[in-house]
Amino acid sequence: MTIDDALHRLLLDNLTTAVILLDADLRLEYMNPAAEMLLAVSGQRSHGQFISELFTESPEALASLRQAVEQAHPFTKREAQVTSLSGQTLTVDYAVTPILNRGATLLLLEVHPRDRLLRITKEEAQLSKQETTKLLVRGLAHEIKNPLGGIRGAAQLLSRELPEEHLKDYTNVIIEEADRLRNLVDRMLGSNKLPQLAMTNIHEVLERVCSLVEAESQGGINLVRDYDPSIPDLLIDREQMIQAVLNIVRNAMQAIAGQNELRLGRITLRSRTLRQFTIGHTRHRLVTKVEIIDNGPGIPAELQETIFYPMVSGRPDGTGLGLAIAQNIISQHQGLIECESHPGHTVFSIFLPLDKGATSS
């Protein structure tokens, strides 16, 4: 390999665009790491395989590729639905360019995943909404707590002046309700404690949550563990992370408990790693993904865009603070929570970067 060849290979290997090179028989000649990550296959092991062994689309797409080889005709396809070997469906744009090399026609495929761009846009909007909500809650809390303190103090003074003991029952109600509202506001604001960071195995956190859930449900929930033992330790606040995951799992438990047959309830805790994953505006080399999956009735469609807001709940007796607190904790750890839900299948995904710890907020 010449110096120029090595440089060209280096450039291709470091592109974020997925690049695939096929021979005239539509068999794999080369794919760069971005393509390997997108399709979840090894380029070296897949060398020489037919394109349909890497991913599938439609018979028409295969015919278009063969036509591009025969007629040396480039083309572009938008929002194609392709299915990888793992069964994952991806929405992609791809451009096909025929290349003549030593008398043979090769096909260069440049693949741009649309799912990733749509997800990043959604994440940025979610993070922006979260910051706006945080500022709104802090301002509202300040306006609520000041008069609450005055009401409580006035009730205490009034209680001392009352001539009869039974009349103090009314002032006690005022004091208790003022305390309840103050505690509610404090929970909306979240913890004032700075995260106590330490290298922690994420599975210790998940196992602690499982033990708490098993004790609370008394065997009424089927807990499934699906862990990747190769995940390295993270720099996190163990107790805060337990609280965040527990809030999400408790939500799943309460959703399942609303069904007629509680014994059929199942919650799966799954851990995986993702490479070159973007959270907000930051691209991380390695990210831990924790999924909490339940087979409950699902989240109503009208609530799915607002479930992380304080005081938003799908249950009449819910406070709507559990998910808001969980999101605040994950955000302090530079992470992200996503949710996808339809009847019978709800997934909360927590993404935590392996190269950063938490920050104060």
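It should be noted that the structure appears before, not after, this text.
No experiment lies behind these values; they were computed from the predicted model shown. (Residues numbered from 1 in each chain as written. Predicted model: local features only at pLDDT ≥ 70, side-chain atom pairs only at ≥ 80, totals over all residues. Heavy atoms only, no water.)

Q: Go over the overall build of the protein chain, please, and point to the residues and values.
A: Along the protein chain, the regular secondary structure elements total nine helices and 13 strands. Sorting the 361 residues of the protein chain into buried and exposed places 40% on the buried side. Taking as baseline every contact in the protein chain between residues at least 6 positions apart, the subset at least 24 positions apart corresponds to 62%. Summing over all exposed atoms, the protein chain offers an accessible surface of approximately 20,200 Å²; the carbon and sulfur share of this is 52%. (Helix = DSSP H or I, 4+ residues; strand = E, 2+ residues; numbered from the N terminus. Buried < 20%, exposed > 50% of the residue type's maximum accessible area, 1.4 Å probe, protein only. Contact = heavy atoms within 4.5 Å. Areas by Shrake-Rupley, 256 points an atom, 1.4 Å probe, with all protein chains shown as cover.)

Q: So what's going on with the sheet that holds strand β5 (residues 89–101)? Residues and values would help.
A: Strand order in the open sheet formed by six strands is β2-β1-β6-β5-β4-β3, with antiparallel pairing between adjacent strands. Strands at the two margins of the open sheet, each flanked by one partner only, are β2 (28–31) and β3 (55–56). (Pairing = 2+ DSSP bridges.)

Q: Give a detailed account of the sheet that holds strand β11 (residues 282–294), specifying residues and quantitative values.
A: Here five strands make up an open sheet; going across it, the order is β8-β10-β11-β13-β12 and the pairing mixed. Single-partner strands in this sheet number two, and they are β8 (222–226) and β12 (336–342). The average angle at which neighbouring strand axes cross in this sheet is 20°, direction not considered. Looking at chain direction, β12 and strand β13 (residues 345–353) are connected through seven bridges and run antiparallel. For glutamate 340, the partnering residue across the bridge sits in β13 and is valine 347. (Axes fitted to C-alpha atoms, helices over the stretch in contact; angles between N-to-C directions.)

Q: So what about the packing of aromatic side chains? Which residues, and what values?
A: In this structure the tally under the stated criterion is one aromatic pair. Judged by centre distance (6.3 Å) and plane angle (75°), the ring pair of phenylalanine 75 and tyrosine 94 falls under edge-to-face. Residue phenylalanine 75 is found in strand β4 (residues 75–84), and its partner tyrosine 94 is found in strand β5; the two are separated by 19 residues along the sequence. Since its relative accessible area comes to 6%, tyrosine 94 is described here as buried. (Phe/Tyr/Trp six-rings, centres within 6.5 Å; stacked < 30°, edge-to-face > 60°.)

Q: With reference to specific residues and values, describe the side chain of serine 349.
A: Mapped onto the secondary structure, serine 349 falls in strand β13. Overall, the relative accessible area of 8% leaves serine 349 in the buried class. Those residues in contact with serine 349 that lie beyond four places of it in its chain are Lys289, Val290, Glu291, Leu336, Ile337 and Glu338.

Q: Describe the pattern of salt bridges, and please don't skip the residues or the numbers.
A: Under the defined criterion, the tally for this structure stands at 18 salt bridges. Across the pair lysine 77 and glutamate 57 runs a salt bridge, and its minimum N-O distance is 2.6 Å. Residue lysine 77 is located in strand β4, and its partner glutamate 57 is located in the loop between β3 and α4 (59–71); the two are separated by 20 residues in the primary sequence. On the basis of relative accessibility, which here comes to 27%, the residue glutamate 57 falls in the partly exposed class. Between aspartate 226 and arginine 272 there is a salt bridge, with the nearest N and O atoms lying 3.1 Å from each other. Of this pair, aspartate 226 sits in strand β8 while arginine 272 sits in strand β10 (residues 266–279), placing them 46 residues apart in sequence. (Salt bridge = Lys/Arg side-chain N within 4 Å of Asp/Glu carboxyl O.)

Q: Let's hear about the pairing of β5: which residues, and what values?
A: When β4 meets β5, the two strands line up antiparallel, connected through seven bridges. Bridge pairing links glutamine 81 to threonine 91 in β5. The turn linking β4 back onto β5 is made up of four residues, and glycine 87 within it adopts a positive phi angle of 95°. Where β5 and strand β6 (residues 104–113) come together, ten bridges link them in antiparallel fashion. Within β6, the position partnered with valine 96 by the bridge is leucine 109. If you look at the hairpin formed by β5 and β6, you'll find two residues sitting between the two strands, and arginine 102 has a positive phi there, around 55°.

Q: I'd like a rundown of unusual backbone geometry, residues and numbers included.
A: Even without a glycine there, the phi angle at glutamate 79 is positive, about 50°. With respect to the helices, strands and loops of the structure, glutamate 79 is situated in strand β4. Its relative accessible area of 48% is what places glutamate 79 among the partly exposed residues. In this model, glutamine 334 sits at a positive phi of 60°, which is unusual for a non-glycine residue. Tracing the backbone shows glutamine 334 in the loop between α9 (322–332) and β12.

Q: How would you sum up helix α7 (residues 202–217)? Please name residues and give values.
A: With 16 residues, α7 should cover 22 Å at 1.5 Å per step; its first-to-last C-alpha distance of 23 Å lies within 8% of that length. Considered for burial, the residues of α7 that qualify are Ile202, His203, Val205, Leu206, Val209, Cys210, Val213 and Ser217. Down the axis of α7, the sector holding all buried residues measures 150°, keeping them to one side. N-cap assignment for α7: the residue whose side-chain oxygen lies 2.8 Å from the backbone N of histidine 203 is asparagine 201. (Expected span 1.5 Å × (residues − 1). Arc of directions from axis to C-beta. Polar contact = N/O pair within 3.5 Å; in protein donor to acceptor, adjacent residues only side chain to side chain.)

So, to be careful, I would describe these as geometric facts and stop short of saying anything about function.
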